[in-house]
Amino acid sequence: MDTGTFRGIITGILIIAFIGLTLWAYSKRRKKDFDEAKNLPFADEDDMPANRDTSASRETDSRHDRGDRNT
């Protein structure tokens, strides 16, 4: 078995893996799981305190706007 044959076999395996992963990701059985996952960032919004301290993030933003690199 020469190098070209080996590379061809690896390429074929990778193509089959890609097609399998694509079919898995777009299958109707996975839709419910992916719909739940896409809403995860919004799941804890009710648990956040109303008076959250954002002064640190504002300070970082203002330093970024001025171009300061050192803290």
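Residues numbered from 1 in each chain as written. Predicted model: local features only at pLDDT ≥ 70, side-chain atom pairs only at ≥ 80, totals over all residues. Heavy atoms only, no water.

Re the overall build of the protein chain
Next up, step 1: Within the protein chain, the secondary structure is distributed over three helices and zero strands.
Next up, step 2: Burial statistics for the protein chain: of 71 residues in total, 1% are counted as buried.
Next up, step 3: Accessible area of the protein chain: about 7000 Å², with a carbon and sulfur share of 57%. (Helix = DSSP H or I, 4+ residues; strand = E, 2+ residues; numbered from the N terminus. Buried < 20%, exposed > 50% of the residue type's maximum accessible area, 1.4 Å probe, protein only. Areas by Shrake-Rupley, 256 points an atom, 1.4 Å probe, with all protein chains shown as cover.)

Some words on the UniProt feature "transmembrane region" (unreviewed entry) in the protein chain
Next up, step 1: UniProt's entry tags residues 6-26 with the feature "transmembrane region" (unreviewed entry), counted in the numbering of this structure.
Next up, step 2: Overall, residues 6-26 shows 95% helix and 0% strand. The separation of its end C-alpha atoms is 31 Å. (UniProt positions renumbered as here; feature names shortened; annotations may be inferred.)

Quick look at the pattern of salt bridges
Proximity of charged atoms lets side chains of opposite charge pair with each other.
Next up, step 1: Taken as a whole, this structure holds three salt bridges when the rule is applied.
Next up, step 2: Put simply, R30 and D33 hold a salt bridge, and the shortest N to O gap is 3.3 Å.
Next up, step 3: Residue class for D33 comes out partly exposed when judged on its relative accessible area of 35%.
Next up, step 4: The shortest N-O distance in the salt bridge between D35 and K31 comes to 3.4 Å. Of this pair, D35 and K31 both sit in helix α2 (residues 31-38), four residues apart, which is roughly one turn of that helix. (Salt bridge = Lys/Arg side-chain N within 4 Å of Asp/Glu carboxyl O.)

Some details on a nonpolar patch on the surface
Next up, step 1: Together, M1, F6, I9, I10, I13 and L14 make up an exposed nonpolar region whose accessible area comes to about 650 Å².
Next up, step 2: Within the secondary structure, I10 is located in helix α1 (residues 3-25). (Patch = residues over 30% accessible without salt bridge, like charges linked within 9 Å, V, L, I, M, F, W, Y side chains within 5 Å.)

Topic: the packing of aromatic side chains
Next up, step 1: Overall, the coordinates contain one aromatic pair when judged by the stated rule.
Next up, step 2: Aromatic pair W24 and F34: ring centres 5.8 Å apart, planes at 80°, arrangement edge-to-face. Placement of the pair is W24 in helix α1 and F34 in helix α2, with a sequence separation of ten residues.
Next up, step 3: Residue classification places F34 among the partly exposed positions, given a relative accessible area of 35%.
Next up, step 4: A cation sits over an aromatic face here: R30 above F34, 5.5 Å from the ring centre. (Phe/Tyr/Trp six-rings, centres within 6.5 Å; stacked < 30°, edge-to-face > 60°. Lys NZ or Arg CZ within 6 Å of the ring centre and 35° of its normal.)

Observations regarding the environment of N39
Next up, step 1: Along the chain, N39 falls in the loop between α2 and α3 (55-66).
Next up, step 2: From its side chain, N39 meets the backbone oxygen of D35 in a polar contact 3.2 Å long. (Polar contact = N/O pair within 3.5 Å; in protein donor to acceptor, adjacent residues only side chain to side chain.)

Some thoughts on the confidence of the model for the protein chain
Next up, step 1: Here the protein chain shows a mean pLDDT of 79. Residues at 70 or above account for 62%.
Next up, step 2: Across the protein chain, element-level confidence peaks in α1 with a mean pLDDT of 96 and bottoms out in α3 with 59. (pLDDT = per-residue confidence, 0-100.)

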